[in-house]
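# Structure at a glance
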Amino acid sequence: VWFEAATIVQFSPPVRTGNFKKAARAAFAGGLASASTTSMMHPLDTLKTRLQAAVGKGPTLLELIKSVPKLGPRKIYQGIIPAVSGNFLGHGLRTATYEVVCIALAPAMAFPLVTETTIQGLGSGLGTFFGTCVRIPCEVLKQRLQTDQYPNVVSAATGMIKKNPRALYAGTAATLTREIPFYVTGLMIYENLKKVAVAMKGGKELENYQVIIVGACAGALGSVMVNPFDVMKTRTMTGSVPLGENLFVSMAHIVKTEGPKALMKGAIPRMAWIAPLGAMNFAGYELAKKAMNKADEEKLKAKDGKEMSLRTAPPTEGTE
């Protein structure tokens, strides 16, 4: 879950010494973390996709939940192969790219204007780009399978490539339009909720479990705010929106024909998916921030202690 939303979590800083085995280990860890989370949450994702993909009235969430026994495990887990493999490869590649860039460019920190933040930003940006190139086609295949358009992943891949290979990258704009505001608004909501929680405690620092609760609420609220773009992502990837059509033109058409409520389809299962993600993500962010602040305080204390000892030390022989 942490690697699913690591955009706003501080990665480890670039180091001047290291080898590329670290990148391989990071890739495996990142990929495994994301893939395991995806596999556990896949049934919830299937319900969300079916809700959002239904053009017109469609089934309600309660009706869909009641139909789960009728659908059976096969339908509920339809698309899990591209989902797990896409997240494993995508997030693994993202993490590995970040580590490789940091290791390769760490010596450049000796030059002016080249900082840890610069290298981290470049590594994260390149990693996100390469990871997205792998993840989006797998996401398209997953959602086509979840909506019963193909019987298996092989037929889905071959069928889409024969018809139009560009369709494998359908929904890229909607995905980016969803994720960037989510991370920005999520962090803003988190900071404001944290202030409210601290005020309710009379100014005392939050316990770790309270940080997790606040993070879960921030993630859930942030997901609701960008849910319309998640609906557009699903509609584009499942083919109900014409390939290449302007995102906001498609959104306006849905509002006109189905009403504004259509853009909030799947909000509840998406909140249930994002809440634990937000809990771990913001908890990681908070703990990393505390650790860095503590390290800075210890360095300052050590520096002050050294200066004090030099001032109070008795003069050595031969000095006045």
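No experiment lies behind these values; they were computed from the predicted model shown.

Tracing the chain through its elements places threonine 49 in helix H1 (residues 21-53). In this structure the side chain of threonine 49 is engaged in a polar contact, spanning 3.5 Å, whose partner is the side chain of glutamine 143. Excluding residues that lie within four positions of it along the chain, threonine 49 makes contacts with Gln143, Gln146, Thr147 and Thr234.

The relative placement of two packed helices comes down to the angle between their axes together with the axis-to-axis distance. Helix H10 (residues 247-258) packs onto helix H9 (residues 227-238) with a crossing angle of 100° between their chain directions and a minimal axis gap of 11 Å. One way to sum up the angle between H9 and H10 is to call them roughly perpendicular. The residues of H10 that touch H9, namely those facing Pro228, Phe229, Met232 and Arg235, are Leu247, Phe248, Ser250, Met251, Ile254 and Glu258. Grouping the amino acids of the contact of H9 with H10 by side-chain chemistry returns seven nonpolar, one polar and two charged.

Per-chain confidence: the protein chain averages 81 in pLDDT, with 82% of residues scoring 70 or above. The low-confidence segment residues 1-11 (pLDDT under 50) makes 40 contacts with residues lying over four places distant or belonging to another chain. Below a pLDDT of 50 lies the segment residues 316-320, which in the model reaches zero contacts outside its immediate sequence neighbourhood of four places, other chains included.

To continue, consider a nonpolar patch on the surface. Residues Leu93, Leu105, Leu122, Leu126, Phe129 and Phe130 make up a contiguous nonpolar surface patch of roughly 480 Å² in combined accessible area. Counting only elements with at least two residues in the nonpolar patch, the list comes to helix H4 (80-105) and helix H5 (116-146). Looking at the secondary structure, you find leucine 105 in helix H4. Looking at leucine 105, the relative accessible area reads 31%, which means it is partly exposed.

Inspection of the entire model under this criterion finds twelve salt bridges. The salt bridge partner of arginine 50 is aspartate 148, with a shortest N-O separation of 2.9 Å. Taken as a pair, arginine 50 in helix H1 and aspartate 148 in the loop between H5 and helix H6 (153-163) lie far apart in primary sequence, 98 residues in all. What makes aspartate 148 partly exposed here is its relative accessible area of 35%.

Attention now moves to the packing of aromatic side chains. If you walk through the whole model with that rule in mind, you get two aromatic pairs. With a centroid separation of 6.3 Å and 85° between ring planes, the pair formed by phenylalanine 229 and phenylalanine 248 is classed as edge-to-face. Separated by 19 residues along the polypeptide, phenylalanine 229 in helix H9 and phenylalanine 248 in helix H10 bring together distant segments of the chain.

Okay, H10 next. Here H10 contains twelve residues, and its C-alpha end-to-end distance of 16 Å stays within 8% of the 16 Å for a straight helix at 1.5 Å per residue. Listing the buried residues of H10 in full gives Leu247, Ser250, Met251 and Ile254. Along the long axis of H10, the arc covered by the buried residues comes to 100°, so they all point the same way. Residues of H10 that are buried sit in contact with helix H7 (172-200) and H9. Sitting at the head of H10, asparagine 246 places a side-chain oxygen 2.9 Å from the backbone nitrogen of phenylalanine 248.

It is worth spelling out the environment of phenylalanine 28 at this point. Here phenylalanine 28 shows up in helix H1. Residue classification places phenylalanine 28 among the exposed residues on the basis of a relative accessible area of 51%. Between the alpha carbons of phenylalanine 28 and glycine 92 there is a distance of 5.9 Å; along the sequence they are 64 residues apart.

About the thresholds
- Residues numbered from 1 in each chain as written.
- Predicted model: local features only at pLDDT ≥ 70, side-chain atom pairs only at ≥ 80, totals over all residues.
- Heavy atoms only, no water.
- Helix = DSSP H or I, 4+ residues; strand = E, 2+ residues; numbered from the N terminus.
- Polar contact = N/O pair within 3.5 Å; in protein donor to acceptor, adjacent residues only side chain to side chain.
- Contact = heavy atoms within 4.5 Å.
- Axes fitted to C-alpha atoms, helices over the stretch in contact; angles between N-to-C directions.
- Parallel < 35°, antiparallel > 145°, perpendicular 65-115°, else oblique.
- Nonpolar A, V, L, I, M, F, W, Y, C, P; charged D, E, K, R; others polar.
- pLDDT = per-residue confidence, 0-100.
- Patch = residues over 30% accessible without salt bridge, like charges linked within 9 Å, V, L, I, M, F, W, Y side chains within 5 Å.
- Areas by Shrake-Rupley, 256 points an atom, 1.4 Å probe, with all protein chains shown as cover.
- Salt bridge = Lys/Arg side-chain N within 4 Å of Asp/Glu carboxyl O.
- Buried < 20%, exposed > 50% of the residue type's maximum accessible area, 1.4 Å probe, protein only.
- Phe/Tyr/Trp six-rings, centres within 6.5 Å; stacked < 30°, edge-to-face > 60°.
- Expected span 1.5 Å × (residues − 1).
- Arc of directions from axis to C-beta.

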